[in-house]
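Per-entry structural report
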Amino acid sequence: MRLSCLITTSLMAVSLWAQPSARQWNQEVTAGWNLGNQLECPPPGWNNESTSFGCPANHMQAETAWGNPVVTQQMIQAVKDAGFNAVRIPVRWQCHITDAETMAISDEWMQRVKEVVGYAANLGMKVIINTHHDKWLENRPTNYYKDNNNQKLALLWTNIANAFKEYDYNLAFAGTNEVHVPNNWNAPTEENLGVQNSYNQTFVNAVRATGGNNLKRHLIVQTYACEPAFGINGKLVVPTDIEGNNHDFMSVEFHYYKPFEYCGGTPASEGGVYYWGQAYSKYGKTSDSKESAMRNAFQSFADEWGAQGLGIVMGEWGVSDHWLTTYKDVMRENMTYYCKTLVMEARQRGISTFVWDNNSFGNGSEKYGIFNRHSNMTLVADWTLTGIQEGVAATGIEEVMANSTRQPVKVRKILSRGRLLMQKEDKKYTLQGYEY
């Protein structure tokens, strides 16, 4: 009898953890990483701004079209070894569509997406896939295109969701990306907001209708342009989920490159700054937006979305490597400080973070590379990784016990070679929380 009770309790625990809420899913992301400039690229010769559908003969060359090598299992292993336990995989679909009437996706492309998802799944990592740079959707947030786009979006997500229906709950879907009027990142009109909200509802409806694990899969909806300010105060209308789900399996996504005059790597001649935060104001001009602005912003997101039971995903963030030669060391130290502060403040509020890595290095704008994919994933931006590690350490790691209860793991020290080591009594843990 006693043995039977133990077995039943164990099975219940497994069931609970096999189907986490969106909030749990995000809380379990210690550090997330973006596979940027890979599966969201168009094939050579395809106009990046095209709103057309197609599947050209060279469509499988899209993965390397922006100069990055083919993704391998070893790449994702290196990311995990550095301490990340979640990967966001941006995916463009419109240049792999074999039938625009049904939004059928090339079998070859779908198998490749599954293969890359599998690289992370094989390692027990969480994964997000989305629709990214699908310009027919992202560039036309107006009522003129609304109905047709929603029809196409429903067909597309039905096809994607069916293809991944049997995947476990580590895999999450994100409906759109940065939907906005081309070359206009200003505040949206009511029309723009209405179109984005309709996309979010269409996405949820389509995925849930496929059944299976998709009935309670973690679904991520976006604010307009993935700008958080365009979602708070009710601007983002939370989609209606199926009966019984409430908001338990849904998150809101935003992107955060703020303040952009610092994070974007904009040169000083164009209004950029090389320092951020009150702690670094003694070194030179800093952005007016400092630690308190970040803290207050994140709290407002938690107050609006977290309070409704929703998860919150920071799907992209980063600091472009930019510096002046004479002050390079202190400027990179400041980047570490920014990364630490962001990760710490986000995690304290249950917000998962996915740093942008486009494999681009140098000095200036869009230099968000962390690991060099052309050189066996050599760590280049150690200042970024160190900041992420320190941010995670500052908030602590939760140890998942066999009985599904949680205990905080007190941070004692950080070891070298990209490994964050936690120690609790006589046990040690890596960044993911596994015994080491």
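See the structure shown above.
Read on for an overview of the structure.

The rules behind each value
Residues numbered from 1 in each chain as written. Predicted model: local features only at pLDDT ≥ 70, side-chain atom pairs only at ≥ 80, totals over all residues. Heavy atoms only, no water. Helix = DSSP H or I, 4+ residues; strand = E, 2+ residues; numbered from the N terminus. Expected span 1.5 Å × (residues − 1). Buried < 20%, exposed > 50% of the residue type's maximum accessible area, 1.4 Å probe, protein only. Polar contact = N/O pair within 3.5 Å; in protein donor to acceptor, adjacent residues only side chain to side chain. Phe/Tyr/Trp six-rings, centres within 6.5 Å; stacked < 30°, edge-to-face > 60°. Pairing = 2+ DSSP bridges. Right-handed = clockwise from strand over helix to strand, strands pointing away.

Further remarks concern helix α4 (residues 107-121). The end-to-end C-alpha distance of α4 is 20 Å, a good match for the 21 Å that 15 residues give at a rise of 1.5 Å each. Considered for burial, the residues of α4 that qualify are Trp-109, Met-110, Arg-112, Val-113, Val-116, Val-117, Gly-118, Tyr-119 and Ala-120. For α4, the capping residue at the N-terminal end is Ser-106, with a side-chain oxygen 3.2 Å from the backbone nitrogen of Glu-108.

With the rule as written, the count across this model stands at 21 aromatic pairs. Relative to Trp-136, the ring of Phe-53 has its centre 5.3 Å away and its plane inclined at 55 degrees; by these criteria the two rings are tilted. Of this pair, Phe-53 sits in the loop between β1 (32-34) and α3 (73-81) while Trp-136 sits in helix α5 (residues 135-138), placing them 83 residues apart in sequence. Accessibility expressed as a relative area gives 25% for Phe-53, which makes it partly exposed. The class for Trp-136 is buried, based on a relative accessible area of 0%. Among the aromatic residues, ring-to-ring pairing joins Tyr-262, Tyr-275, Trp-276, Tyr-280, Tyr-283, Tyr-337 and Tyr-338 into one connected group.

In this fold, Ala-268 is placed in the loop between α8 (260-263) and α9 (291-304). What makes Ala-268 partly exposed here is its relative accessible area of 49%. Sequence separation of Ala-268 and Lys-285 is 17 residues, and the distance between their C-alpha atoms is 9.9 Å.

Okay, the pairing of strand β9 (residues 311-317) next. Within β9, seven of the seven residues are buried, which leaves it mostly tucked inside the rest of the structure. Two elements, strand β8 (residues 250-256) and β9, share six bridges in a ladder whose sense is parallel. Bridging from a neighbouring strand, Phe-254 pairs with Met-314 of β9. Examined bridge by bridge, β9 and strand β10 (residues 351-355) share four bridges and lie parallel to one another. Paired with Ile-312 across the bridge in β10 is Ile-351. Crossover β9 to β10 through helix α10 (residues 328-347) is right-handed.

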